[in-house]
Protein chains: 2
Amino acid sequence: MEKNQQILLAARPQAQVELSHFKWVEKDIEPPGESEFLVRAHYLSLDPYMRGRIDEAKSYAAKVELGAVMVGTVVGEVIVSHHEKFPVGSFVETHTGWQLYGKSNGAGVRLLPPKPVPLSAYLGAVGMPGVTAWIGLNEHGRAEPGQTVVISAASGAVGSVAGQLAKLKGCRVVGIAGGQAKCDYVVNELGFDACIDYKKNEALTLSERLAVACPKGVDVYFDNVGGPILNAVLEVMNPFSRIALCGLIAGYEDPQRLAVTNFRSFLVNRIQLRGFICSDHRPLWKPALEALAQGVASGAIRYRETVAQGLQAAPGAFIGMLRGENFGKQLVKLI
Amino acid sequence: MEKNQQILLAARPQAQVELSHFKWVEKDIEPPGESEFLVRAHYLSLDPYMRGRIDEAKSYAAKVELGAVMVGTVVGEVIVSHHEKFPVGSFVETHTGWQLYGKSNGAGVRLLPPKPVPLSAYLGAVGMPGVTAWIGLNEHGRAEPGQTVVISAASGAVGSVAGQLAKLKGCRVVGIAGGQAKCDYVVNELGFDACIDYKKNEALTLSERLAVACPKGVDVYFDNVGGPILNAVLEVMNPFSRIALCGLIAGYEDPQRLAVTNFRSFLVNRIQLRGFICSDHRPLWKPALEALAQGVASGAIRYRETVAQGLQAAPGAFIGMLRGENFGKQLVKLI
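Here the residue numbers are simple positions, counted from 1 along each chain's written sequence. Here chains are named by letter from A upward and ligands by number from 1 upward, in the order in which they appear as written. For this predicted model, a pLDDT threshold of at least 70 governs which residues receive local features, and a threshold of 80 or more governs which side-chain atom pairs are given and counted, while totals over whole chains, interfaces and linings are taken from all residues. Excluding hydrogens and water, the side-chain values take into account all heavy atoms of the structure.

### Quick word on empty space enclosed by the protein
Selection rule: Cavity means a closed set of points on a 1 Å grid over the protein atoms alone, one where a 1.4 Å probe fits but cannot get out, pocket means an open set with protein on both sides within 12 Å along at least 5 of 7 lines, and lining means a residue has an atom within 4 Å of a point. Grid points are joined across faces, edges and corners, and a volume is the space filled by probe spheres set on the points. Helix and strand definitions follow DSSP, with helices as H or I runs of at least four residues and strands as E runs of at least two, each counted in order from the N terminus. Side-chain classes are defined by residue name, with Ala, Val, Leu, Ile, Met, Phe, Trp, Tyr, Cys and Pro counting as nonpolar, Asp, Glu, Lys and Arg as charged, and the others, Gly among them, as polar. Where a domain begins and ends is set by an automatic assignment or by a domain database.
Scanning all chains against the criterion turns up 5 cavities of 30 Å³ or more. Of all elements in the fold, only α7 (264-268) of chain A together with α1 (49-53) of chain B reach the threshold of two or more residues within the lining of the largest cavity. Taken together, the residues that form the lining of the largest cavity break down as 6 nonpolar, 2 polar and 2 charged. In this structure, the second largest cavity encloses a volume near 60 Å³. Lining the second largest cavity are B:S120, B:G124, B:A125, B:G156, B:A157, B:S160, B:V161, B:Y303, B:R304, B:E305, B:G328 and B:K329. In terms of residues, the lining of the second largest cavity owes the most to one element, helix α3 (residues 157-168) of chain B, which gives 3 residues. For the lining of the second largest cavity, the per-class residue count stands at 4 nonpolar, 5 polar and 3 charged. Counting the residues that make up the lining of the second largest cavity, at least three belong to each of domain 1 (4-124 + 303-333) and domain 2 (128-279) of chain B.

### Considerations on the sheet that holds strand β11 (residues 218-223) of chain B
We count it as follows: Strand pairing is assigned whenever DSSP identifies at least 2 bridges connecting the two strands. Fitted lines through C-alpha atoms give the axes, limited to the stretch in contact for helices. The angle between two N-to-C directions lies from 0 to 180 degrees. Residues count as neighbours in contact if any of their non-hydrogen atoms are within 4.5 Å of one another.
Taken in spatial order, the 12 strands make up an open sheet running β10(A)-β9(A)-β8(A)-β11(A)-β12(A)-β13(A)-β13(B)-β12(B)-β11(B)-β8(B)-β9(B)-β10(B), and their pairing is mixed. Edge positions in the sheet fall to β10 (194-197) of chain A together with β10 (194-197) of chain B, since each of these pairs with one other strand and no more. Averaged over all pairs of adjacent strands, the angle between their axes in this sheet comes to 15 degrees, without regard to strand direction. Alignment of strand β9 (residues 172-177) of chain A against β10(A), held across 4 bridges, turns out to be parallel. Residue pairing across strands places A:V174 opposite A:A194, the latter belonging to β10(A). Where helix α5 (residues 206-213) of chain A meets the sheet, it contacts β8 (148-152), β9 and β10 of chain A, and its direction lies at approximately 170 degrees from that of β10(A).

### Some remarks on the domain arrangement of chain A
All names here are of chain A. Note the threshold: By convention in these notes, a salt bridge is any Lys or Arg side-chain nitrogen within 4 Å of a carboxyl oxygen on Asp or Glu.
Assigned domains of chain A: these are domain 1 (4-124 + 303-333) and domain 2 (128-279). For domain 1 and domain 2, the distance between their C-alpha centres works out to 28 Å. Each partner contributes residues to the interface: domain 1 has 22 residues there, and domain 2 has 15 residues. Remark: the boundary between domain 1 and domain 2 carries 1 salt bridge.

### Observations regarding the environment of B:V69
All names here are of chain B. Note on placement: V69 falls in the loop between α1 and β4 (74-81). Taking the C-alpha atoms as reference points, V69 and E290, separated by 221 residues in sequence, lie 32 Å from one another. Among residues more than four places away in sequence, those in contact with V69 are Q6, I7, L8, V64, T96, G97, W98 and Q99.

### Considering the relation of the copies chain B and chain A
Convention followed: Alignment of copies: least-squares fit on C-alpha atoms of residues with pLDDT of at least 70 in both copies.
Once turned by 180 degrees and shifted 0.0 Å along the axis, chain B lies on chain A with an RMSD of 0.0 Å. As the rotation angle and translation indicate, the two copies are arranged about a two-fold axis. Comparing contact sets, 100% of the residues at the interface of chain B also lie at the interface in chain A, consistent with an isologous, same-surface contact.

### Quick notes on α3(B)
Residues and elements named next belong to chain B. We apply this condition: In a helix, the anticipated span is given by 1.5 Å times the number of residues less one. Think of it in three bands: with a 1.4 Å probe and only protein chains considered, a residue is buried below 20% of the maximum accessible area for its type, exposed above 50%, and partly exposed in between.
Given a rise of 1.5 Å per residue, 12 residues ought to cover 16 Å, and the 17 Å separating the end C-alpha atoms of α3 matches this to within 8%. A157, V158, G159, S160, V161, A162, G163, Q164, L165 and A166 are the residues of α3 that are buried. Of the surrounding elements, those touching the buried residues of α3 are α2 (128-141), β8 (148-152), β9 (172-177), β11, α8 (282-298) and β15 (329-333). The first or second residue beyond α3 is G170, which carries a positive phi of 90 degrees.

### So, the pattern of salt bridges
All names here are of chain A. Tallied over the full model, the rule gives 32 salt bridges over all chains. Between D193 and K167 there is a salt bridge, and its shortest N-O distance comes to 3.0 Å. Residue D193 is found in the loop between α4 (180-189) and β10, and its partner K167 is found in helix α3 (residues 157-168); the two are separated by 26 residues along the sequence. Here R323 makes a salt bridge to E325, at a shortest N to O gap of 3.6 Å. Because the salt bridges share partners, they merge into one network encompassing R12, E56 and K63.

### Comments concerning the packing of aromatic side chains
Defined as follows: Only Phe, Tyr and Trp rings are paired, with Trp represented by its six-membered ring, and only when their centres lie within 6.5 Å; those with planes under 30 degrees apart are stacked, over 60 edge-to-face, the remainder tilted. Each ring is checked for a lysine NZ or an arginine CZ that lies within 6 Å of its centre and within 35 degrees of its normal; such an atom marks a charge sitting over the ring.
Counted by the stated rule, this structure contains 14 aromatic pairs over all chains. Pairing A:W98 with A:F318 gives two aromatic rings, centres 5.7 Å apart and planes at 75 degrees, and the pair type is edge-to-face. Here A:W98, found in the loop between β5 (91-94) and β6 (101-104), pairs with A:F318, found in helix α9 (residues 314-322); they are 220 residues apart in sequence, far enough to count as distant. By the burial criterion, A:W98 is buried, and A:F318 matches it. Between B:F22 and B:W98 the ring centres are 5.5 Å apart and the planes differ by 15 degrees, which places this aromatic pair in the stacked class. Here B:F22 is found in strand β2 (residues 22-27), whereas its partner B:W98 is found in the loop between β5 (91-94) and β6 (101-104), with 76 residues between them in sequence. By the burial criterion, B:F22 is buried, and B:W98 matches it. By way of ring pairs, the aromatic residues A:F22, A:W98 and A:F318 are connected into one cluster. The ring of B:W285 is capped by B:R282, whose NZ or CZ atom sits 4.5 Å from the centre of that ring.

### Some thoughts on the side chain of B:T94
Structurally, B:T94 can be placed in strand β5. Excluding residues within four positions of it along the chain, B:T94 makes contact with B:V39, B:G72, B:T73, B:V74, B:S104 and B:V109.

### Things to note about the confidence of the model for chain A
The line we're drawing: Values of pLDDT, which run from 0 to 100, indicate the predictor's confidence residue by residue.
In this model, chain A carries an average pLDDT of 94, and 99% of its residues clear a pLDDT of 70 or more. In the predicted assembly, ipTM is 0.90 and pTM is 0.90.

### Here we look at the interface of chain B and chain A
By a frequent convention, interface size equals the accessible area lost on bringing the separate parts together. This is how it is decided: Buried surface area refers to the total accessible area, computed with a probe of radius 1.4 Å, that the two partners give up upon joining, counted for both partners together. Whenever a nitrogen or oxygen atom comes within 3.5 Å of another N or O atom, the pair is scored as a polar contact, on the condition that within protein one atom can donate a hydrogen and the other can accept it, and that pairs from neighbouring residues in sequence are kept only if both atoms are in side chains.
Contact with chain B, which involves 29 residues of that partner, is made by 29 residues of chain A. In total, about 2900 Å² of surface goes out of reach between chain B and chain A, with carbon and sulfur atoms giving 63% of it. Interface area lost by chain B to chain A is led by B:F263, B:R264 and B:L267, which between them contribute 25%. Our count for the contact surface shared by chain B and chain A stands at 2 salt bridges. In this structure, the salt-bridge partner of A:D280 is B:R270, at a minimum N-O distance of 2.7 Å. There are 8 residue pairs in polar contact (both at pLDDT 80 or more) connecting chain B and chain A. When contributions to the side of chain B that touches chain A are tallied by element, the ones reaching two or more residues are β12 (237-245), α7 (264-268) and β13 (272-275) of chain B. Residues belonging to the side of chain B that touches chain A are distributed by class as follows: 18 nonpolar, 6 polar and 5 charged. Note that strand β13 (residues 272-275) of chain A and β13(B) share 3 bridges and pair antiparallel. Looking at β13(B), one finds that A:Q272 is bridged to B:R274.

### So, the packing of helix α2 (residues 128-141) of chain A against α3(A)
Residue and element names in this part refer to chain A. Applicable threshold: For this classification, under 35 degrees means roughly parallel, over 145 means roughly antiparallel, 65 to 115 means roughly perpendicular, and everything else is oblique. Should the near helix be turned anticlockwise from the far one by less than a right angle, the crossing is termed left-handed; should it be turned clockwise, right-handed.
Packing of α2 against α3 brings their axes to within 8 Å, and their N-to-C directions diverge by 45 degrees. Classified by the angle their axes make, α2 and α3 are oblique. The way α2 lies across α3 gives a crossing that is right-handed. Mapping the contact onto sequence places P129, G130, T132, A133, W134 and L137 in α2 and A157, V158, V161, A162, L165 and A166 in α3. Of the residues belonging to the contact of α2 with α3, the class tally is 10 nonpolar, 2 polar and no charged.

Right under this line is the structure:
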């Protein structure tokens, strides 16, 4: 009989995450109990928030204990069920972590309609990253038609959706991404108006390049990264502009990089900043997911995936994602 | 016939403001034209925002040109009038700047009721500083009964009113001020629950002292100063807390002091930050001023003034205020 495979947290990183911080193990599959069901994972989602969970420091969610299965969301198929709402053969999104098989009592599990989008999209554009984009743009950024929206990590799972939603609203949308290939994708495939390669050395500073790309200034900044990029954007924010802050990937390995040196802009421009995570806004998930599913099904929202093969590839793919080596949503295919 | 006296901006400060940056002049009084009136100022208000106006850097309002009269708000009496809404003998708040006599066409001028508060209060608790406190607390901070509100520059014109309004709402209110005398005043006369002297060297850090004074964490931070005090407060902010930012006095002379090193707290705690200035919220002035006048008249809102004597004392009093040497609202008596 097939065994379960898991990736455990073996040690906490001091700075950079390394493969040695993880441990692969094989063990028996735990059968589901009363009112439980067993899921065979097809795809594991790798997300920047996981970096925060393996630190010792307090964050918005409990940290992963040493020796425990890494946290994570998967999509997969119910293969054994003692739960009437989740029959065998149904597909679900569930939070069973970095393992092939996981059981659940149904709490927090989303039953996935077989159509209209591919299964993996429920971990990306029609899942948590897409909802994060939708909430940040509509609830916190409150982008209006004709306004200018800047998005960092623009080719990523969240940023790519945020930018396309802003384009659908009639905004001017400028992305920031690392490397020419990502910038080309953001403009040519996702339809952003412009994209700035922050890794490219140019005569102009990043904020000067932003000023060129945003001749009317910046009304909404959707920030996934913080740090030096945030400082550059602060120089071109308009009066009464908004910053939706949903990630600080610039500082996971070195919190000092997150220092905001242009803080005066918040007062001078009366900027509204809102840190948020999508799980704080449960009532918004339904309208957000409906809009996202429709957008993906119609082709109005496009996405790209980087897919690592097999559970043992997960730690390396995670480390690569933290370095920005992925292109679009980072997944691990488990079947 | 009496002459007008003015204080002009003679030079821009590179860092610290000095007396040599100002110039006192005497000149003829300009008679008011058609639909204008002439005001004899009784009190000039000195406010931290003026520091921003004498810099070269862009801010939310136009800078004072070299050789121009320093900007500022006064209360005074109409002594010549060709404007039916502002008859001779009426008292007004007007923005004629650092001078004894100024004319106006009525734009932006507030007619002051003779009661129920002293004339000088219209520059403080029942004027712009009081309205700033009211808007920051109610509109941006949204303090609820039972929540904990922290206020920097707690003995100042804005902070003292903000804290008393929060107490009237049923909040726990903790001030931060420089020196034992100010802290005693904040607790014993204004009724704050506690006040922390940030200038005092103690074994505990400022954030540790805040944690002691705020056993349930901080729900609203009313920030007048920015800088190291903001960084300390960020360590004790609660999830979903709010920061109303209305001043950055810590950084006027050295912007590097304003760097926010605890920026991660904005994401971890999903903090909402709003930079604001009271003139952006004109529709709120009427309800705010009514509440403030009532509070002062009834004795529920108390205030203190530091009054310099005569226009020539204004530059020195302004410099002292930037150093925190004033106690409560800084005024210059001109008559």
